[in-house]
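Architecture at a glance
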Amino acid sequence: MKQKKYYLSEDQIPKQWYNIVADMPNKPLPPLDPNTKKPIGPEALAPLFPMAVILQEVSQERYIDIPEEVLEKYKIYRPSPLIRATELEKALDTPARIYYKYEGVSPSGSHKTNTALAQAYYNAKEGVKKITTETGAGQWGSALAYACSQFGLECEVYMVKVSFEQKPYRKIVMNTFGANVISSPSNKTESGRHVLAKNPNSTGSLGIAISEAVEMAAKDEHTKYSLGSVLNHVLLHQTIIGEEAIKQFEMAEDYPDIIIAPLGGGSNFAGLAFPFLRSKLKGEKDIRAIAVESSSCPKLTRGTFMYDFGDTEGYTPLLPMYTLGHDFEPAPIHAGGLRYHGASVLCSQLLKDGLIEASALHQIECFEAGKLFAKTEAIIPAPESNHAIAQVIREAKICKERGEAKTILFNLSGHGFLDMSAYGDYNAGKLTDYELPQSKIDESVLKAEALQP
Ligand SMILES: *Cc1c(COP(=O)(O)O)cnc(C)c1O
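Residues numbered from 1 in each chain as written. Predicted model: local features only at pLDDT ≥ 70, side-chain atom pairs only at ≥ 80, totals over all residues. Heavy atoms only, no water.

With respect to the secondary-structure elements, Glu89 resides in helix H3 (residues 86-92). Residue classification places Glu89 among the buried residues on the basis of a relative accessible area of 9%. Apart from the residues lying within four places of it in its own chain, the contact partners of Glu89 are Arg84, Thr94, Ala96, Arg97 and Ile98. (Helix = DSSP H or I, 4+ residues; strand = E, 2+ residues; numbered from the N terminus. Buried < 20%, exposed > 50% of the residue type's maximum accessible area, 1.4 Å probe, protein only. Contact = heavy atoms within 4.5 Å.)

Here it is in structure tokens:
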């Protein structure tokens, strides 16, 4: 048996991000102006994002250099380990070889720091003073708060109300890194007031929080906005994960047959899977990449591929993606990071073209998987990551039934140390699986259908 952990040294850290657009057989459709229904140019994004980020958003270049300043910050916690889950394999009595890339080693406890640092760097370089953003479960807000502190920027975070109340410790993490945190929907913005007028008890959603953060950035020239998932440049920055993993698999003298990651907007899935998919797109390797979403927010498995807004109020351009409709409000499940109505344009196009797969899982199965993982591998995973683990266990059981020794790689996108109330509910038998009625999806999808060009 080979070693269990694969560490790269600091100087083996990959120096470029990988842009999958260069290799996609069908390029993603362009984002559209919601009024004219014509493709938007990069200048339309200029009020919200720094130019370097906008250029990455539309880039067709296969590789983009990681700035030296960002690499230096990456080295605080990267390269992250690749670990063979030998104890989990034993517990499952499976012939499958299971590996995970552990992103919980980052300062905020999840993969999100990988793009937060890059975005904060480009903003600071272009003279921006303050960044606004939204956060669901709090991981993105924590990551950006930390990144802003590294590059001397102010940070204002609109936090989805259900998480603001369920996860007070995330707020304290953000405050400790120096950020200002506001419960969303709030009375500070027009979009927040609009939602509260319709439903004063709204528990919020990522879409609503995005609207609030975008509105504040659009109003002030020294303030820009930053998104923690969904957009092409965010997925690009996350490819550091997969690029490292490729080198680590060389050390392990192995190669994944199946790659699995949880999907909220698509960034950690893309980050791990895209560098491996490069070989599949070139016809060199045949791998399966499976994005795992929550059954409460099943855009990939039950949504529609069409143009829709990225936020609830309609401030963003129209994006071509699998969506449940921009004003779909998911049930308040514990995996807050998976409560987003759409999937990134790149993941959506790849799914449409049959190059990746999707699976939707209920939360009780996921927590069961997370608990087994904690007991065997000694890390308590984030509730989002539990979705990947549950899918891994399904695949490992299939391997056992068929006697196939497949290699499975998954992204342990974060640790769950700040999700103890979720584990508490699970341990107390208080979690329920929510059956999402088709009528609820149809209702919000119908509204988005009216937006098609
Ligand atoms: C945010 C988050 C996710 C889901 O977001 P993606 O953009 O799809 O990666 C998954 N796991 C953790 C730990 C997260 O914080």
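Another aspect to go through is the sheet that holds strand E14 (residues 357-361). Strand order in the open sheet made by the seven strands is E1-E4-E5-E15-E10-E11-E14, with mixed pairing throughout. One side of each edge strand has no neighbouring strand; the edge strands of this open sheet are strand E1 (5-6) and E14. Packed onto the sheet, helix H12 (residues 267-281) meets strand E5 (97-102), strand E10 (258-262), strand E11 (288-294) and strand E15 (407-412) and runs at close to 160 degrees relative to E10. Most of the contacts of helix H15 (residues 363-377) go to E14, to which it runs at about 95 degrees, and overall it touches strand E4 (82-84), E5, E14 and E15. (Pairing = 2+ DSSP bridges. Axes fitted to C-alpha atoms, helices over the stretch in contact; angles between N-to-C directions.)

Below, the discussion takes up the site of the ligand. Of all residues adjacent to the ligand, which total 18 residues, the nearest are Lys112, Ser229, Gly264, Asn268 and Ser413. Within the side chain of Asn268, one N or O atom sits 2.7 Å away from an oxygen atom of the ligand. In the model, a nitrogen atom of the ligand is placed 2.7 Å from a nitrogen or oxygen of the Ser413 side chain. Its residues placed into classes, the shell around the ligand shows four nonpolar, twelve polar and two charged. Residues from two domains meet in the shell around the ligand; each of domain 1 (4-12 + 78-109 + 239-449) and domain 2 (16-66 + 112-232) gives at least three. (Near = heavy atom within 4 Å. Polar contact = N/O pair within 3.5 Å; in protein donor to acceptor, adjacent residues only side chain to side chain. Nonpolar A, V, L, I, M, F, W, Y, C, P; charged D, E, K, R; others polar. Domains from an automatic or database assignment.)

Another point: the sheet that holds strand E7 (residues 154-160). Judged by pairing direction, the sheet is parallel, and its four strands sit side by side in the order E8-E7-E6-E9 without closing on themselves. This sheet does not close on itself; its edge strands, each paired only once, are strand E8 (180-184) and strand E9 (223-225). Within this sheet the neighbouring strands show an average axis-to-axis angle of 25 degrees, counted without direction. Sheet topology note: the strand E6 (residues 130-135)/E9 ladder contains three bridges and is parallel.

A complete count under the given rule lists 19 salt bridges for this structure. Of the charged contacts in the structure, one is a salt bridge between Lys75 and Glu72, with a shortest N-O distance of 3.6 Å. You can call Lys75 partly exposed: its relative accessible area is 21%. The class of Glu72 is partly exposed, set by a relative accessible area of 44%. (Salt bridge = Lys/Arg side-chain N within 4 Å of Asp/Glu carboxyl O.)

In globular proteins that are soluble, nonpolar side chains generally tend to be buried together. Grouped together as the largest cluster of nonpolar side chains are 94 residues, with contacts concentrated most on Trp17, Tyr74, Tyr225, Phe269, Phe274, Phe276 and Leu277. Top contributing element to this core by residue count: helix H5 (residues 139-151), with eight residues. Residue-level mapping places this core at the junction of two domains, with at least three residues from each of domain 1 (4-12 + 78-109 + 239-449) and domain 2 (16-66 + 112-232). The residues touching Leu277, leaving out its near neighbours within four places in the chain, are Ile20, Ile287, Ala289, Leu350, Leu355 and Ile356. Counting residues in hydrophobic clusters, the runner-up holds 27 residues, among them Ile258, Ile260, Phe373 and Cys399. (Core = buried A, V, L, I, M, F, W, Y, C linked by side-chain atoms within 4.5 Å.)

What follows deals with the packing of aromatic side chains. All chains considered together, the criterion is met by 16 aromatic pairs. Centroid distance Tyr6 to Tyr99: 6.4 Å. Interplanar angle 45 degrees. Geometry classified as tilted. With Tyr6 in strand E1 and Tyr99 in strand E5, the pair connects residues that are 93 residues apart, well separated along the chain. The same class applies to Tyr6 as to Tyr99, namely buried. An angle of 45 degrees between the planes, with centres 5.8 Å apart, marks the rings of Tyr18 and Tyr63 as tilted. Residue Tyr18 is located in strand E2 (residues 16-18), and its partner Tyr63 is located in strand E3 (residues 63-65); the two are separated by 45 residues in the primary sequence. According to the relative accessible area criterion, Tyr18 is buried, its value standing at 1%. (Phe/Tyr/Trp six-rings, centres within 6.5 Å; stacked < 30°, edge-to-face > 60°.)

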